[in-house]
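Spelled out from the first residue to the last, the chains are:
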There are 2 protein chains.
Amino acid sequence: MEQPSGRTMTPGTATPRLSPGGSGRRPGHSVTREQIARAAREQFAAGGYDRVTMRSIAAQAGVDAALVAYFFGSKRELFDEVTVLSFDSAALRAQLLDGDSRDVGERLARCLIEALDEAGRRQRILAIIRTAGVEADTARMIRDKFTTGVLEPIVSQLGAGQAPLRAVLVMSQILGIAVARHVVGLEDLTSASQDELVAAFAPTLQRYLVGNIS
Amino acid sequence: MEQPSGRTMTPGTATPRLSPGGSGRRPGHSVTREQIARAAREQFAAGGYDRVTMRSIAAQAGVDAALVAYFFGSKRELFDEVTVLSFDSAALRAQLLDGDSRDVGERLARCLIEALDEAGRRQRILAIIRTAGVEADTARMIRDKFTTGVLEPIVSQLGAGQAPLRAVLVMSQILGIAVARHVVGLEDLTSASQDELVAAFAPTLQRYLVGNIS
């Protein structure tokens, strides 16, 4: 399939000629696939799971809806694929624990603010948070992957006790930053510099992780 | 209209005989109206704006969808009516400012936790937060009514400077508590006692309101 412009394809003409994943795959395929993935990620991040349709993604990517289904399957499969957070839990834990334990809150704050300031990662995070409100398995994924998979082991490692409660306190502020900045749209959080935000949030995260919480 | 059970009405039979708001109004009307409002509030809080339909609310209330429209108009009008937070901004500000300024974070934390522990208020808050993700005017309402209308004036009154930034920092933790407990469903936040939660969150809110944030 030749598709240089990405928006000129005639609906319904492409699917039969595609062979994605095959050895004879042409460069155009991955470009189109990546265009669809990018459109999907943008829409899931901006509008929430329910308002996105295969058709709306296809329209933005300039392809036929059948092509979206051909590449990605169902809307749920598409969502899972384009929002996957390809981080290594063990590596993230090691990164956050590497250094003075008095600065772990600052490392976590900086890690989060940097992720939210990078379009691709921000879109994945927002798509997941917005979808957690309507799809129980996405809410469960947040709990399993972040709260139980990253935060709790970090707290345990730091040895402050009450690891499950501390992990959810941390998560409450992480979710709050993302929702306040990017869902509710609190402008002053968006316009503040990374250093200002880290200075504001690091002591909160530090206290939840290892400080006095009772 | 006689409707003792609330679930036995035959679809389509009630509307012509209703005269809500009129002087000849019978007791049954307000009961039915309140049943519909309660069902709507529950569904908006649980599923988010997009998944709720006039039909799904009617089904839960045991009435015909036309009756929902008759009482409340459009879905948007229904949402606005059943989620209205009937608090007085000036009274809330006065309540939070009444007392030692070193305890203002604790008063705010307790006020929020108590609201989230009461079904009716929790449902209104969650419906608004979930809908803010898909309806821009609801996100704007949160900003205008809470961040600008309550939190900023409180910070200004307390005289710590940087009122707009402090107000959004406070809002980030407030939103985070609600989303973490009730949208993502972090069990340890739900099972903790009110006092435990106030102890954990009050110092955060206190610092954002009047403490060192840079």
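Everything numeric here is computed off the predicted structure, so don't read it as measured data.

Caption draft 1: Focus on the overall build of chain A. Scanning chain A from terminus to terminus reveals 11 helices and zero strands. Listing the helices and strands of chain A from first to last along the sequence gives α-α-α-α-α-α-α-α-α-α-α. Considering only intrachain contacts with a sequence separation of at least 6, the fraction spanning at least 24 residues in chain A is 67%. Element-wise, carbon and sulfur atoms account for 50% of the exposed surface of chain A, whose accessible area totals about 9200 Å².

Caption draft 2: Structural detail: the UniProt feature "DNA-binding region" (unreviewed entry) in chain A. On the UniProt side, "DNA-binding region" (unreviewed entry) is annotated at positions that read residues 53-72 of chain A here. When the span residues 53-72 of chain A is considered, its composition is 80% helix and 0% strand, and the gap between its end C-alpha atoms is 13 Å.

Caption draft 3: Molecular detail of the nonpolar core. Formed by 100 residues in total, the largest nonpolar core has its most connected members in L108(A), L169(A), V170(A), L108(B), L169(B), V170(B) and F201(B). Other than its neighbours up to four places away in sequence, L169(B) contacts L189(A), A200(A), F201(A), Y208(B) and I213(B).

Caption draft 4: Representation of the interface of chain A and chain B within the structure. The partner chain B presents 42 residues to the 42 residues of chain A that form the contact. Each partner contributes to the roughly 3300 Å² buried at the junction of chain A and chain B, and carbon and sulfur atoms together form 60% of this total. Three residues, R51(A), V184(A) and L186(A), lead the burial of chain A against chain B; their summed loss comes to 17% of the area buried on that side. Counting across the chain A and chain B interface gives four salt bridges. Measuring nitrogen to oxygen at the nearest pair gives 2.7 Å for the salt bridge that ties R51(B) to D50(A). Applying the counting criterion to the chain A and chain B interface returns 20 residue pairs in polar contact (both at pLDDT 80 or more). Put simply, the parts of the chain that give the side of chain A that touches chain B at least two residues each are α1 (27-47), α7 (119-132), α8 (136-158), α9 (163-183), α10 (187-191) and α11 (194-210) of chain A. Take the side of chain A that touches chain B: its biggest share by element is 13 residues, from α9(A). Per-class residue counts for the side of chain A that touches chain B are 25 nonpolar, nine polar and eight charged.

Caption draft 5: Seen up close, the relation of the copies chain A and chain B. Mapping chain A onto chain B calls for a screw motion: a turn of 180° about the axis and a shift of 0.0 Å along it, with 0.0 Å RMSD after fitting. On this basis, the relationship between the two copies can be described by a two-fold rotation axis. Within chain A, G176(A) has its C-alpha nearest the rotation axis, a separation of 1.7 Å. The fraction of interface residues of chain A whose copies in chain B are also interface residues reaches 100%, indicating that both copies meet through the same surface.

Caption draft 6: A look at the packing of aromatic side chains. Under the defined criterion, the tally for this structure stands at 12 aromatic pairs over all chains. Between F71(B) and F72(B), the ring centres sit 6.3 Å apart and the planes meet at 65°, which makes this aromatic pair edge-to-face. Residue classification places F72(B) among the buried residues on the basis of a relative accessible area of 5%. In this arrangement the basic side chain of R33(A) is found over the ring face of F72(A), its NZ or CZ atom lying 4.4 Å from the centre. Above the face of the Y49(A) ring, R76(A) is positioned so that its terminal group lies 5.8 Å from the ring centre.

Caption draft 7: Summary view of the packing of helix α2 (residues 54-61) of chain A against helix α3 (residues 65-72) of chain A. Residues and elements named next belong to chain A. Packing of α2 against α3 leaves a shortest axis separation of 8 Å and a crossing angle of 105°. Considered as vectors, α2 and α3 are oriented roughly perpendicular to each other. Of the residues in α3, those in contact with M54, R55 and A58 of α2 are A65, V68 and A69. Grouping the constituent residues of the contact of α2 with α3 by class yields five nonpolar, no polar and one charged.

Caption draft 8: Representation of the side chain of T147(A) within the structure. By the element assignment, T147(A) lies in helix α8. With sequence-adjacent residues up to four places away left out, T147(A) is seen in contact with I142(A), E152(A), A167(A), V168(A), M171(A) and L186(B).

Caption draft 9: Spotlight on the pattern of salt bridges. Applying the stated criterion to the full structure yields 20 salt bridges over all chains. The partner of D117(B) in a salt bridge is R181(B), and the shortest N-O contact between them spans 3.0 Å. One end of the pair, D117(B), is in the loop between α6 (104-116) and α7 (119-132); the other, R181(B), is in helix α9 (residues 163-183), with 64 residues separating them in the sequence. Taken together, the salt bridges that share partners define one network made up of D50(A), R76(A), D80(A), E135(A), D137(A) and R51(B).

Caption draft 10: Seen up close, the confidence of the model for chain A. This prediction gives chain A a mean pLDDT of 87; 87% of its residues lie at or above 70. In the predicted structure, residues 1-25 of chain A sits below a pLDDT of 50 and forms 44 contacts with residues beyond four places in sequence or in another chain.

Caption draft 11: Representation of the environment of A69(A) in the model. Residues and elements named next belong to chain A. Here A69 shows up in helix α3. Using a relative accessible area of 36% as the deciding quantity, one classes A69 as partly exposed. Placed 14 residues apart in sequence, A69 and R55 show a C-alpha to C-alpha distance of 9.8 Å.

Caption draft 12: Seen up close, the environment of E152(B). Residues and elements named next belong to chain B. Secondary-structure assignment places E152 in helix α8 (residues 136-158). Placed 10 residues apart in sequence, E152 and Q162 show a C-alpha to C-alpha distance of 9.2 Å. Ignoring anything within four residues of it in the chain, the contact list for E152 reads T147, A163, P164 and A167.

Caption draft 13: Representation of the packing of helix α5 (residues 89-97) of chain B against α6(B). All names here are of chain B. In the contact formed by α5 and α6, the axes pass within 8 Å of each other and the chain directions differ by 130°. In terms of orientation, α5 and α6 fall into the oblique class. Contacts between α5 and α6 involve L92, Q95, L96 and L97 from the first element and V104, R107, L108 and C111 from the second. When grouped by side-chain class, the residues that make up the contact of α5 with α6 number six nonpolar, one polar and one charged.

Caption draft 14: Structural detail: α9(A). Residue and element names in this part refer to chain A. If you check α9, its first and last C-alpha atoms are 29 Å apart, about what 21 residues at 1.5 Å a residue would give, namely 30 Å. For α9, the buried fraction is high: 20 of the 21 residues fall into the buried class. Phi for G185, located one or two positions after α9, is positive at around 75°.

Calculation notes
- Residues numbered from 1 in each chain as written.
- Chains lettered and ligands numbered in written order.
- Predicted model: local features only at pLDDT ≥ 70, side-chain atom pairs only at ≥ 80, totals over all residues.
- Heavy atoms only, no water.
- Helix = DSSP H or I, 4+ residues; strand = E, 2+ residues; numbered from the N terminus.
- Contact = heavy atoms within 4.5 Å.
- Areas by Shrake-Rupley, 256 points an atom, 1.4 Å probe, with all protein chains shown as cover.
- UniProt positions renumbered as here; feature names shortened; annotations may be inferred.
- Core = buried A, V, L, I, M, F, W, Y, C linked by side-chain atoms within 4.5 Å.
- Buried < 20%, exposed > 50% of the residue type's maximum accessible area, 1.4 Å probe, protein only.
- Buried area = accessible area lost by both parts, 1.4 Å probe.
- Salt bridge = Lys/Arg side-chain N within 4 Å of Asp/Glu carboxyl O.
- Polar contact = N/O pair within 3.5 Å; in protein donor to acceptor, adjacent residues only side chain to side chain.
- Nonpolar A, V, L, I, M, F, W, Y, C, P; charged D, E, K, R; others polar.
- Least-squares fit on C-alpha atoms with pLDDT ≥ 70 in both.
- Phe/Tyr/Trp six-rings, centres within 6.5 Å; stacked < 30°, edge-to-face > 60°.
- Lys NZ or Arg CZ within 6 Å of the ring centre and 35° of its normal.
- Axes fitted to C-alpha atoms, helices over the stretch in contact; angles between N-to-C directions.
- Parallel < 35°, antiparallel > 145°, perpendicular 65-115°, else oblique.
- pLDDT = per-residue confidence, 0-100.
- Expected span 1.5 Å × (residues − 1).

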